Amino acid sequence: MADTLTITSDMIIHDVVTRHPETVKIFHGHGLPCTACAVGARESIAGGARTHRFTPEKQALLVKDLNAVVRGETTSVAPKKAPVGRGVPLSMAPAGKDGNIKQVIAIMSGKGGVGKSLVTGLLAVSLRRQGMRVGILDGDITGPSIARMFGTKGQPMKSASGGIDPLTSLGGIKVMSMNMFLEEESQPVVWRGPMISSAIKQFYSDVDWGRLDYLLVDLPPGTSDAPMTVLQSLPVDGIVIVSSPQLLATMVVKKCINMVQQLKGIIVGVVENMSYFETPGGERYEIFGASNGPELVDMTNAPLLAQLPIDSGLTTLCDAGRIEEYHSAAYEMLAENFINTLKIKR
Ligand SMILES: Nc1ncnc2c1ncn2[C@@H]1O[C@H](COP(=O)(O)OP(=O)(O)OP(=O)(O)O)[C@@H](O)[C@H]1O
Ligand SMILES: [Mg+2]
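Residues numbered from 1 in each chain as written. Chains lettered and ligands numbered in written order. Predicted model: local features only at pLDDT ≥ 70, side-chain atom pairs only at ≥ 80, totals over all residues. Heavy atoms only, no water.

A. Fine view of the nonpolar core. Membership of the largest hydrophobic core comes to 81 residues, with the highest contact counts inside it found for M108, L127, F150, Y214, L216, L334 and F338. Not counting residues up to four positions away in its chain, the partners in contact with F150 are G121, V125, I136, S169, I173, V175, G321, I323 and E324. Among the nonpolar cores identified, the runner-up in size contains 15 residues, and I7, V16, I26 and V63 belong to it. (Core = buried A, V, L, I, M, F, W, Y, C linked by side-chain atoms within 4.5 Å. Buried < 20%, exposed > 50% of the residue type's maximum accessible area, 1.4 Å probe, protein only. Contact = heavy atoms within 4.5 Å.)

In C-alpha cells, the structure reads:
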C-alpha cells in the first residue's frame, strides 16, 4: 500500500529522478522540462507544475503517472526522451564508480581566486609524499591551471584500452586538464555549459586513471555548470570547501555551501587559505582580517582542516610549474587531517 504514496507533489524533482530515473521521461512526457534545468535541483513537483501553469488536475495526473511508471504500470502519456540540458543530467545515473578509485573529492569555493587550485595541487603533493596514489582532474575547463602548476608537458595519448592516458608529474601525480589539449596555453576555450559538462564527464570516464587512493577534482568558482556536473554526474565521496578570511569571500562561499547542501553533497572539511602572513622573525599578520573558519565550520558541520599562510615563494613556484618542490608544515598538516578525516589506510 505504501507504494501508492511513493511519489508525492511536495517532493523535490531532483530527489525523485535520482531515486527513480525512469520518471525523467514522464516529466518530459507531461511537458515539464525541470529535470533538465537547474531549477529541478531545488524545486518540488508542485512548484515545477506551478511554474509551468499546470491546473490542479494536470498536476494530479502527473503525480499519478510518476507513481505508475515506478510501479511498471501504464501511464496516460507516452514517455518522452529528455532533452540535453543544464543541471540535472539526462539519465540521472551518476557515472559508475571506477572500482580503481577509492575516493573522489571535489575542491570547491564559489568564490574565485581564493586558492582552490593551489590547495588542490598542494594537497595532492602532500598526499603523494605520504605514499598515496593521487590524481587531479582539472574541472576548470575554461580557466585551467593545474597543468601549469605541475609543469606537465605534452599531450595525453590514447591508452592501451582505448581510453586516454593522463599525464604524470615528476612526483608521480596523474593529471588531466583541458590545457593539455590546446595548441597554445593561452588559447581560449569558448564553450557553453553542456560542452563543459560533457568534457568533465569524459575526464572522469574516458581517462585511464589506474588505481588511485584519491582523485581530486579542482572546480572553477561559482555554482553553475561545472560544479553542478561534478556533484550530480560524478561519484563524489566528499567536498572540501576553500575560503579566505575576507568577509566578501566568506559570503560567496556560503552560497556554495548552500548549493552543496541542496544537492545533498557531503562536505568533509573546510580549508581557510591566506589566513595570515608570517615574517621571517615569526610574527603573524592577519592581512585579510580575522579568521572566519569557525563560522564556516558551524555552517558545514565539517572540520577546519587547515589555516594556510600567504607565501609569495609558493606563487613563484606555481607559476614556474614547480609546485612539487614546495615544502611547508601547514600543508603536511592539511594532508594529515584530510587523511584522518577520510580514514583511508596507508
Ligand atoms: N597561500 C597562498 N600564498 C601565496 N599565493 C597564493 C596562496 N593561495 C593562492 N595564491 C595565489 O593566488 C592566485 C589564485 O590562486 P588559485 O588559482 O589557486 O585560486 P582559485 O581559487 O583556484 O582561482 P579561480 O577561482 O580562478 O580558479 C594564484 O596565483 C596562487 O598562486
Ligand atoms: Mg582555480
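B. Local environment of the environment of E283. With respect to the secondary-structure elements, E283 resides in the loop between β7 (267–278) and β8 (284–285). Taking relative accessible area as the criterion, E283 reaches 47% and is therefore assigned partly exposed. Those residues in contact with E283 that lie beyond four places of it in its chain are F277 and E278. A distance of 3.4 Å separates a polar atom in the side chain of E283 from a polar atom in the side chain of Y285. (Helix = DSSP H or I, 4+ residues; strand = E, 2+ residues; numbered from the N terminus. Polar contact = N/O pair within 3.5 Å; in protein donor to acceptor, adjacent residues only side chain to side chain.)

C. Focus on the pairing of strand β6 (residues 238–243). A large share of β6 lies buried, amounting to six of its six residues. Burial along β6 is two-sided: the residues G238, V240 and V242 and I239, I241 and S243 are all buried. Bridging between strand β1 (residues 101–108) and β6 involves four bridges; their strand directions are parallel. By the bridge assignment, M108 is partnered in β6 with I241. (Pairing = 2+ DSSP bridges.)

D. Focus on the packing of helix α9 (residues 247–262) against helix α10 (residues 293–300). It is the contact of α9 with α10, at a shortest axis distance of 11 Å, that shows an interaxial angle of 15 degrees. For the element pair α9 / α10, the angle class is roughly parallel. In this structure, α9 crosses over α10, and the sense of that crossing is right-handed. Mapping the contact onto sequence places T250, V253, K254, I257, N258 and Q261 in α9 and E295, L296, M299 and T300 in α10. Grouping the constituent residues of the contact of α9 with α10 by class yields four nonpolar, four polar and two charged. (Axes fitted to C-alpha atoms, helices over the stretch in contact; angles between N-to-C directions. Parallel < 35°, antiparallel > 145°, perpendicular 65-115°, else oblique. Left-handed = near helix turned anticlockwise from the far one by under 90°. Nonpolar A, V, L, I, M, F, W, Y, C, P; charged D, E, K, R; others polar.)

E. Here's a closer look at the site of ligand 1. If you check the shell around ligand 1, you find 15 residues, and the closest are K116, S117, L118, N273 and T315. Between ligand 1 and G115 there is a distance of 2.9 Å, counted from an oxygen atom to a backbone nitrogen or oxygen. Here a nitrogen atom of ligand 1 and a backbone polar atom of P309 are 2.9 Å apart. Among the elements that line the shell around ligand 1, the one with the most residues is helix α5 (residues 116–129), at three residues. Residues of the shell around ligand 1, tallied by class, amount to six nonpolar, six polar and three charged. (Near = heavy atom within 4 Å.)

F. The packing of aromatic side chains, seen in detail. Overall, the coordinates contain three aromatic pairs when judged by the stated rule. The interplanar angle of 80 degrees and the centroid separation of 6.0 Å between the aromatic rings of Y326 and Y331 together place this pair among those described as edge-to-face. A single burial state applies to Y326 and to Y331, both of which are buried. A cation sits over an aromatic face here: K58 above F54, 4.3 Å from the ring centre. (Phe/Tyr/Trp six-rings, centres within 6.5 Å; stacked < 30°, edge-to-face > 60°. Lys NZ or Arg CZ within 6 Å of the ring centre and 35° of its normal.)

G. Spotlight on helix α11 (residues 312–319). Within α11, burial applies to L314, L317 and C318. The arc that holds the buried residues of α11, viewed along the axis, is 100 degrees, so those residues lie on one side. Those residues of α11 that are exposed and angled more than 90 degrees off the buried face are S312 and T316. Structurally, α11 contributes buried residues whose contacts are with α5, α6 (146–150) and α12 (329–342). (Arc of directions from axis to C-beta.)

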